[in-house]
Amino acid sequence: MRLGPDIAQHMAETALGHVQREYPHAAQQVLESDEDLLPPRALHPMFFGSFDWHSCVHGWWLLLRLARLYPDLATSAATRELAASTFSADKVATEVAWFLRPSARGFERPYGWAWLLALHHEARHHGFGAVLDPLAAIIARGFHGYLPALTYPIRTGAHANTGFALCLIAPWARANDPALLALMAARAEAWFGGDKDAQAWEPDGDAFLSPTLVEALAMARLHGQGFADWFAAFLPEAGGRRPASLFTPAEVSDRTDGKIAHLDGLNLSRAWCWRGISAALAGGEAAMADVAEAHLAASLPHIAGDYAGAHWLASFALLALAGDDES
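Remember, it's a predicted structure, so these values are computed and weren't measured experimentally. (Residues numbered from 1 in each chain as written. Predicted model: local features only at pLDDT ≥ 70, side-chain atom pairs only at ≥ 80, totals over all residues. Heavy atoms only, no water.)

**Some points on the packing of aromatic side chains**
- Across all of its chains, the model carries 24 aromatic pairs by this definition.
- The interplanar angle of 70° and the centroid separation of 5.6 Å between the aromatic rings of Tyr111 and Phe208 together place this pair among those described as edge-to-face. With Tyr111 in helix α6 (residues 111-123) and Phe208 in the loop between α9 (178-192) and α10 (211-222), this pair connects stretches of sequence that are 97 residues apart.
- On the accessibility criterion, Tyr111 (3% relative accessible area) is buried.
- Among the residues examined, Phe208 registers a relative accessible area of 1% and is labelled buried.
- Lying across the ring of Tyr307, Arg21 places its NZ or CZ 3.8 Å from the centre. (Phe/Tyr/Trp six-rings, centres within 6.5 Å; stacked < 30°, edge-to-face > 60°. Helix = DSSP H or I, 4+ residues; strand = E, 2+ residues; numbered from the N terminus. Buried < 20%, exposed > 50% of the residue type's maximum accessible area, 1.4 Å probe, protein only. Lys NZ or Arg CZ within 6 Å of the ring centre and 35° of its normal.)

Here it is in structure tokens:
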């Protein structure tokens, strides 16, 4: 399966339909007073749509990336017009002020942080990078403080996962912050360097990430020439498609249930991981490409169904089909 204009337009139409859809909204907020009870558009004037802050951020990443890949689509023109009214200095200032609140220290960390840097990286291709610079600087400073303080990596299948954040911010750090990239590499080695014989007890019932595969992709991006040896010890039976759980697409029983719908995201993010891991290994590993295709086939048809998945799944489909700037 490959990205083409028809799929790109379908994805962009889906995202344009929700990046400014304010409700329903899942707020992440520590209330400090009655005055904090404000609607999403007042608290987050750039990222109030798409059900929650992080989904709006990566919805915008999807729109800008598709507008760069397919500039002549009607949706790309609509994206550029909407972006011009969305990415403004006053709206960024409100978002920055939010992150400066003491109670917001852990807001969207690390998932939303990582997506914001991915968005900033993409926005520079469209002339909006400078507007987002102040927010990206705060997020980068946050990672500089957070990664050394994180004694143990977070290995869940959802937003807090450490490996996924490292994967997403690697292109941004490589282009903008060599010190952060070096810190990421050192922390990844400390957390994951000795991991062997991964059992891959997954998926859990509401995972949208594979803890095993995002760890491997993070090491592929940060471990350099030693990745093939590390991977051979980490998943020594991958050539025989074991552990079987990593090679079998997840079944989604109810796509109207927001948590169960996460499993479509798991299939899409696994496809992204398998393609990235395959590219990092000498010889390309055609079997891994076949596994990626199977995972894509299981969930790509469902990215624009119920809003439980429609507000975010297309971003993961784009990662799987076209990757990010480092894929």
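**A look at the environment of Leu166**
- Mapped onto the elements, Leu166 comes out in helix α8 (residues 162-176).
- Using a relative accessible area of 2% as the deciding quantity, one classes Leu166 as buried.
- Separated by 87 residues in sequence, Leu166 and Ser253 place their C-alpha atoms 30 Å apart.
- If we ignore the near neighbours within four places in the chain, the residues touching Leu166 are Leu147, Met184, Ala188, Trp191, Phe192, Ala218 and Leu222. (Contact = heavy atoms within 4.5 Å.)

**Things to note about the nonpolar core**
- By size, the foremost hydrophobic cluster in this structure holds 108 residues, and its most contacted members are Met11, Phe47 and Phe231.
- Setting aside chain neighbours within four positions, we find Phe231 in contact with Ala216, Pro236, Ala238, Trp274, Ile277, Leu281 and Met288. (Core = buried A, V, L, I, M, F, W, Y, C linked by side-chain atoms within 4.5 Å.)

**A few points about unusual backbone geometry**
- For the bond running from Tyr23 to Pro24, omega is 0°, close enough to zero to count as cis.
- Mapped onto the elements, Pro24 comes out in the loop between α1 (5-16) and α2 (40-43).
- Even without a glycine there, the phi angle at Phe51 is positive, about 80°.
- Mapped onto the fold, Phe51 is located in the loop between α2 and α3 (53-69).
- The class of Phe51 is partly exposed, set by a relative accessible area of 27%.
- Unlike most non-glycine residues, Asp197 shows phi in positive territory, near 50°.
- One can find Asp197 in the loop between α9 and α10.
- Using a relative accessible area of 47% as the deciding quantity, one classes Asp197 as partly exposed.

**Things to note about helix α7 (residues 129-149)**
- The terminal C-alpha atoms of α7, which comprises 21 residues, lie 29 Å apart, in line with the 30 Å expected from a rise of 1.5 Å per residue.
- Largest kink in α7: about 40°, centred on Leu135.
- Gly129, Leu132, Leu135, Ala136, Ile138, Ile139, Ala140, Phe143, Tyr146 and Leu147 are the residues of α7 that are buried.
- Check the buried side of α7 and you find it contacts α5 (89-99), α6, α8 and α9. (Expected span 1.5 Å × (residues − 1). Bend = angle between axes of the 7 residues up to and from the residue.)

**Examining the environment of Ala261**
- With respect to the secondary-structure elements, Ala261 resides in the loop between α11 (227-234) and α12 (262-280).
- If near-sequence neighbours (up to four positions away) are discounted, Ala261 is found in contact with Val252, Asp254, Arg255, Trp312 and Leu313.

**Comments concerning the layout of surface pockets**
- Empty space within the largest pocket amounts to approximately 320 Å³.
- Lining the largest pocket we find 15 residues, and of these Arg105, Arg109, Trp113, Arg141 and Gly142 sit closest to its centre.
- The element contributing the most residues to the lining of the largest pocket is α7, with seven residues.
- Across the lining of the largest pocket, the residue classes tally to nine nonpolar, two polar and four charged. (1 Å grid on protein atoms, 1.4 Å probe; cavity = no way out; pocket = protein on both sides within 12 Å on 5 of 7 lines; lining within 4 Å. Points joined across faces, edges and corners; volume = space filled by probe spheres on them. Nonpolar A, V, L, I, M, F, W, Y, C, P; charged D, E, K, R; others polar.)

**Describing the state of the cysteines**
- This structure, assessed with the given rule, holds zero disulfides.
- Cys167 carries a free sulfur, and the closest cysteine sulfur to it, the one in Cys273, is 6.1 Å from it.
- Judged by relative accessible area, Cys167 falls into the buried class, the value being 0%. (Disulfide = S-S within 2.5 Å.)

**A look at empty space enclosed by the protein**
- Using the criterion set out here, one finds three cavities of 30 Å³ or more in the structure.
- Approximately 90 Å³ is the volume found for the largest cavity.
- If you go around the largest cavity, you meet 13 residues; those closest to its centre are His25, Ala27, Gln28, His44 and Phe107.
- Looking at the lining of the largest cavity residue by residue, the classes come out as seven nonpolar, four polar and two charged.
- Volume-wise, the second largest cavity comes out at about 70 Å³.
- If you go around the second largest cavity, the residues you meet are Trp61, Arg65, Leu117, Ala118, His121, Glu122, Leu168, Pro171, Trp172, Asp324 and Asp325.
- Elements with a contribution of two residues or more to the lining of the second largest cavity: α3, α6 and α8.

**Some remarks on the packing of α1 against α3**
- Two elements in contact, α1 and α3, have axes whose closest approach is 9 Å; the angle formed by their N-to-C orientations is 140°. Note on packing geometry: the crossing formed by α1 with α3 is left-handed. Mapping the contact onto sequence places Ala8, Met11, Ala12, Ala15 and Leu16 in α1 and Gly59, Leu62, Leu63 and Leu66 in α3.
- Tallied by class, the residues present in the contact of α1 with α3 amount to eight nonpolar, one polar and no charged. (Axes fitted to C-alpha atoms, helices over the stretch in contact; angles between N-to-C directions. Left-handed = near helix turned anticlockwise from the far one by under 90°.)

So far we have only geometry, and geometry alone does not tell us how the molecule works.
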